[in-house]
Amino acid sequence: MTEKEIVETSEAEIAVHWQEEDYYHPSPQFIAQANMTDPSIYQRFSLDNFPNCFKEYADMLDWYEYWHTMLDTSDAPCWKWFVGGKINASYNCIDRHLAKNKNKTAIHFVPEPIEEKYEHITYQDLFVRVNEFAALLRDFCGLKAGDRVTLHMPMVPELPITMLACARLGVIHSQVFGGFSGTACADRIIDSGSHVLITMDAYYRSGSLIDHKKNADVAVEHAAKAGQKVDKVLVWQRYPGKNSSPTTMVEGRDYFVNGVLKDFYGARVEPVPMPAEAPLFLMYTSGTTGKPKGCQHSTGGYLAYVAGTSKYVQDIHPEDVYWCMADIGWITGHSYIVYGPLAICASSVIYEGVPTFPDAGRPWRIAQDLDVNIFHTAPTAIRALRKIGPDEPAKYNYHFKHMTTVGEPIEPEVWKWYHKEVGKGEAIIVDTWWQTETGGFLCSTLPALTPMKPGSAGPGMPGIHPIIFDEDGNILPQGAGKAGNICIQNPWPGAFQTIWGDRNRFVTNYYARYCKNPDSKDWRDWPYLTGDAAVEAKDGYYRILGRIDDVINVSGHRLGTKEIESAALVVPEVAEAAVVPVAHEIKGREPDLYIALKPGFSASDALAKKISDAICNEIGKIAKPRKVWIVRDMPKTRSGKIMRRVLGAISNRKDVGDVTTLANPDVVEEIQQMVK
Ligand code: WT7
């Protein structure tokens, strides 16, 4: 495929073309209380002061041994931050808060069933539960620093407890989004080399108690086929002491945590001082080629970056109640439900279920009940709540001072509804642009310092210096009015360290594109390629258009088109599969799936369903195609490549352009008729 074709099939191409919007300014009341009101912060974090500016974030943490080298570039582009430092993430998120705040709520848990009461876990409770579980991991499972453990858990307090218990021991956790299938979980067990899987028997979703244990059985079985043996499966119980899953426990392999934990009551585990650059966790994400990438995040650099950004961008104060309505199974939850907020001693809300259960007023009732004043969510949720309950927020007595939107571009119309209705015209909004790979925010306004502009993420964060290149590597200047590939010029502490077990892929995918000299040890030669298209306005604000690679952002989450296509090819009748993004009112994008069958098979609704089911089974419901179009043949170039650009145009009811040079132009017309 030529470069041009890649760009044309991307989401950027189907992105909405917005007008310049007016600024919105924070209220004097907001500014008066904000954590960061000093405009010189941009100067302090300028490129001239790089990398030493990040000392400010490192100093928000407690170190066993203070680091000696801010940034080590000797293994470029695998940057090392705070070298020589020893630190423990669990200690920083729990122990150090006890002296002054042991009675403070660390986690407010909101179960989905309305008849179940909120649970308020204090920092002291968290300390006890994390210690006991860490003792179990160490003494019952034999886990030690550097080992990997796969977690496949829903949105329950046991998830951060498990993560923090791992962190206490230096064990690298790899949490797989609870909605992913057992097979998707297996791929991550295999890639990370985990011998222990931690799961939960069941959880609530849209009013039903879902059997989750069964996914563990599938995961372990698949992993075993690939030669990765899981020795122990730890099963938390949604209702301690009671089994909520009909799936049987495998003798000698599966253990109910609540049973084993009895042996560890009262146990205390000294946090293990870890080198700053020791991996804290893996988070798998989709990329341009099929296999998910295990983004490896560090302990010291990552924690410093999420603590600093939680304080300055999320503006969390000790008395605030902070609710990030994301799933901890994604990076947003790791950075801005668990590590960032807990590192700065916040009260963080965890909600088990779906925002619209049992109705679209649910989030606002939770906000009212807990007196939440900082709210964080994604455009997909905002669109859904706007669609089904536009008047709901006004019915409840809550007041947000601060709100976040994250995960995909937000349409200015939706932004304005969020501001006016959800924020009651009082709350400031930060539109934070970042990625699984980047650990924390790349672009955002600083809430008390830089005004908001609907649809724009804003300027680079302090210490983050974006740059936009065109295809030939020329810099697109401010106000050029043209989209290009947005990169970051400099390293920063939150950035992932590598792709687990695949340094080459790390360098090729993220640093090779605009690297001036592959032998260079100077960070200036290694711009980080985000894979997004963006335009920079005259005022230095960045508007993100979407992905430039073959990744579809569904409800704010990246799905590899190749992953979905490979899942479809599991069905024996399928010869070829092509996935394209279609604009969707709520989800932002949805995958549309085109299928060509092997000779001798014919299209039917049953077959289409079988293919769709295979995808849900292989990846999870999040990847379910909007529609499976079984076509006679794929539109192809003369060299035999599937023209996804043409399929994308058809699905989005756009002009397919010139197709006369295709090998089979007649099929285009046929598919158009079908999709109409
Ligand atoms: C991709 C990263 C960021 C954590 C959740 C998703 C898109 C993210 C924004 C935003 C426009 C955004 C980008 C990015 N994206 N935030 N505020 N405005 N687009 O993490 O799954 O790694 O996806 O999400 O395309 O590259 P992820």
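Residues numbered from 1 in each chain as written. Predicted model: local features only at pLDDT ≥ 70, side-chain atom pairs only at ≥ 80, totals over all residues. Heavy atoms only, no water.

Novice: Describe the site of the ligand, naming the residues involved and giving the relevant values.
Specialist: Asp431, Thr432, Thr436, Asp532 and Arg558 are the nearest of the 18 residues found near the ligand. In this structure, a nitrogen atom belonging to the ligand sits 2.7 Å away from a side-chain N or O atom of Asp431. Contact with the protein chains hides 97% of the accessible area of the ligand, taken as 550 Å² for the molecule alone. Elements represented by at least two residues in the shell around the ligand include exactly helix H13 (331-343), strand S20 (428-432) and strand S25 (542-547). Of the residues that constitute the shell around the ligand, the class distribution is six nonpolar, seven polar and five charged. (Near = heavy atom within 4 Å. Polar contact = N/O pair within 3.5 Å; in protein donor to acceptor, adjacent residues only side chain to side chain. Areas by Shrake-Rupley, 256 points an atom, 1.4 Å probe, with all protein chains shown as cover. Helix = DSSP H or I, 4+ residues; strand = E, 2+ residues; numbered from the N terminus. Nonpolar A, V, L, I, M, F, W, Y, C, P; charged D, E, K, R; others polar.)

Novice: Report on the packing of helix H12 (residues 300-312) against H13, specifying residues and quantitative values.
Specialist: At a minimum axis distance of 8 Å, the contact between H12 and H13 shows a crossing angle of 85 degrees. In terms of orientation, H12 lies roughly perpendicular with respect to H13. Contacts between H12 and H13 involve Tyr302, Leu303, Val306, Ala307, Thr309 and Ser310 on the former and, on the latter, His334, Ser335, Tyr336, Tyr339, Gly340, Pro341 and Ala343. Here the residues of the contact of H12 with H13 are counted per class, giving eight nonpolar, five polar and no charged. (Axes fitted to C-alpha atoms, helices over the stretch in contact; angles between N-to-C directions. Parallel < 35°, antiparallel > 145°, perpendicular 65-115°, else oblique. Contact = heavy atoms within 4.5 Å.)

Novice: Requested: an account of the pattern of salt bridges, with residues and values cited.
Specialist: Going through the model one piece at a time under the given rule, you end up with 43 salt bridges. Through salt bridges with shared partners, one network takes in Lys213, Asp217, Arg253 and Asp254. (Salt bridge = Lys/Arg side-chain N within 4 Å of Asp/Glu carboxyl O.)

Novice: An account of H13 is requested, with residue identities and associated values reported.
Specialist: Summarising burial for H13: 13 of the 13 residues are buried, a large majority. Two residues or fewer after H13 comes Cys345, characterised by a positive phi angle close to 65 degrees. (Buried < 20%, exposed > 50% of the residue type's maximum accessible area, 1.4 Å probe, protein only.)

Novice: Break down the nonpolar core for me, with residues and values.
Specialist: Within the largest apolar cluster, 155 residues are counted, with the highest numbers of intra-cluster contacts made by Phe54, Phe82, Leu126, Phe133, Ile198, Tyr339 and Phe400. A total of nine residues in this core trace back to one element, the largest contributor, which is helix H7 (residues 123-139). When sequence neighbours within four positions are dropped, the list of residues in contact with Ile198 reads Phe133, Leu137, Val149, Thr150, Leu151, His152, Met153, Thr162, Leu234 and Trp236. Counting residues in each nonpolar core, the second largest holds 39 residues, with Cys185, Ala186, Ile611 and Ala614 among its members. (Core = buried A, V, L, I, M, F, W, Y, C linked by side-chain atoms within 4.5 Å.)

Novice: A description of the sheet that holds strand S29 (residues 588-597) should follow, citing residues and the corresponding values.
Specialist: An order of S28-S29-S30 is seen for the three strands of this open sheet, with the pairing classed as mixed. A strand with exactly one partner marks an edge of an open sheet, and here the two such strands are strand S28 (574-584) and strand S30 (628-631). In this sheet, adjacent strand axes meet at a mean angle of 25 degrees when their direction is disregarded. Bridge analysis of S28 against S29 gives 10 bridges, and the strand direction is antiparallel. Looking at the pairing, His584 lines up with Gly588 of S29. Its contacts with the sheet put helix H20 (residues 644-651) on S28, S29 and S30, and the angle it makes with S28 is roughly 50 degrees. (Pairing = 2+ DSSP bridges.)

Novice: Tell me about the packing of helix H6 (residues 89-101) against H7, residues and numbers included.
Specialist: Direction vectors running N to C along H6 and H7 enclose 135 degrees, while the axes themselves pass 9 Å from each other. The angle between the axes of H6 and H7 places the two elements in the oblique class. Seen from above, H6 lies across H7 with left-handed handedness. Two secondary-structure elements touch here, H6 through Ser90, Cys93, Ile94, Asp95, His97, Leu98 and Asn101 and H7 through Tyr123, Gln124, Leu126, Phe127 and Val130. (Left-handed = near helix turned anticlockwise from the far one by under 90°.)

Novice: Provide a residue-level description of the sheet that holds strand S21 (residues 466-469), including the pertinent values.
Specialist: Reading across the sheet, the four strands line up as S21-S22-S24-S25 and stay open at both edges, with antiparallel pairing between neighbours. Across the chains shown, the open sheet's two edge strands, defined by having one partner strand only, are S21 and S25. Strand-to-strand, the axes of this sheet are offset by a mean angle of 45 degrees, without reference to chain direction. The pairing of strand S22 (residues 484-488) with strand S24 (residues 528-536) spans five bridges and is classified as antiparallel.

Novice: Now, about the packing of aromatic side chains: what can you tell me, with residues and values included?
Specialist: Applying the stated criterion across every chain yields a total of 47 aromatic pairs. Chaining the aromatic ring pairs together yields one cluster made of Phe45, Phe50, Phe54, Tyr57, Trp63, Tyr66, Trp67, Trp81, Phe82, Tyr305, Tyr312 and Trp523. Taking NZ or CZ as reference, Lys424 lies 3.9 Å from the ring centre of Tyr398, over its face. Residue placement shows Lys627 over the ring face of Trp629; its charged tip is 5.1 Å from the ring centre. (Phe/Tyr/Trp six-rings, centres within 6.5 Å; stacked < 30°, edge-to-face > 60°. Lys NZ or Arg CZ within 6 Å of the ring centre and 35° of its normal.)

Novice: Give me the environment of Arg383: which residues, what numbers.
Specialist: Secondary-structure assignment places Arg383 in helix H15 (residues 379-388). Classification of Arg383 as buried rests on a relative accessible area of 5%. Distance from Arg383 to Arg148, taken between C-alpha atoms, is 37 Å for residues 235 residues apart in sequence. In this structure, Arg383 is in contact with Glu408, Pro409, Glu411, Val414, Glu585, Ile586, Lys587 and Gly588, ignoring residues within four places of it in sequence. One polar contact links the side chain of Arg383 to the main-chain carbonyl oxygen of Ile586, over a distance of 2.6 Å.

Novice: Provide a residue-level description of the pairing of strand S18 (residues 374-377), including the pertinent values.
Specialist: What you see with S18 is no split at all: Ile374 and His376 on one side and Phe375 and Thr377 on the other are buried throughout. Across four bridges, S18 lies against strand S19 (residues 402-406) in parallel orientation. For Thr377, the partnering residue across the bridge sits in S19 and is Thr405. At this point the chain moves from S18, through H15, to the parallel S19, and the crossover so formed is right-handed. (Right-handed = clockwise from strand over helix to strand, strands pointing away.)

Note that every value here comes from positions in space, so none of it alone points to a role or purpose.
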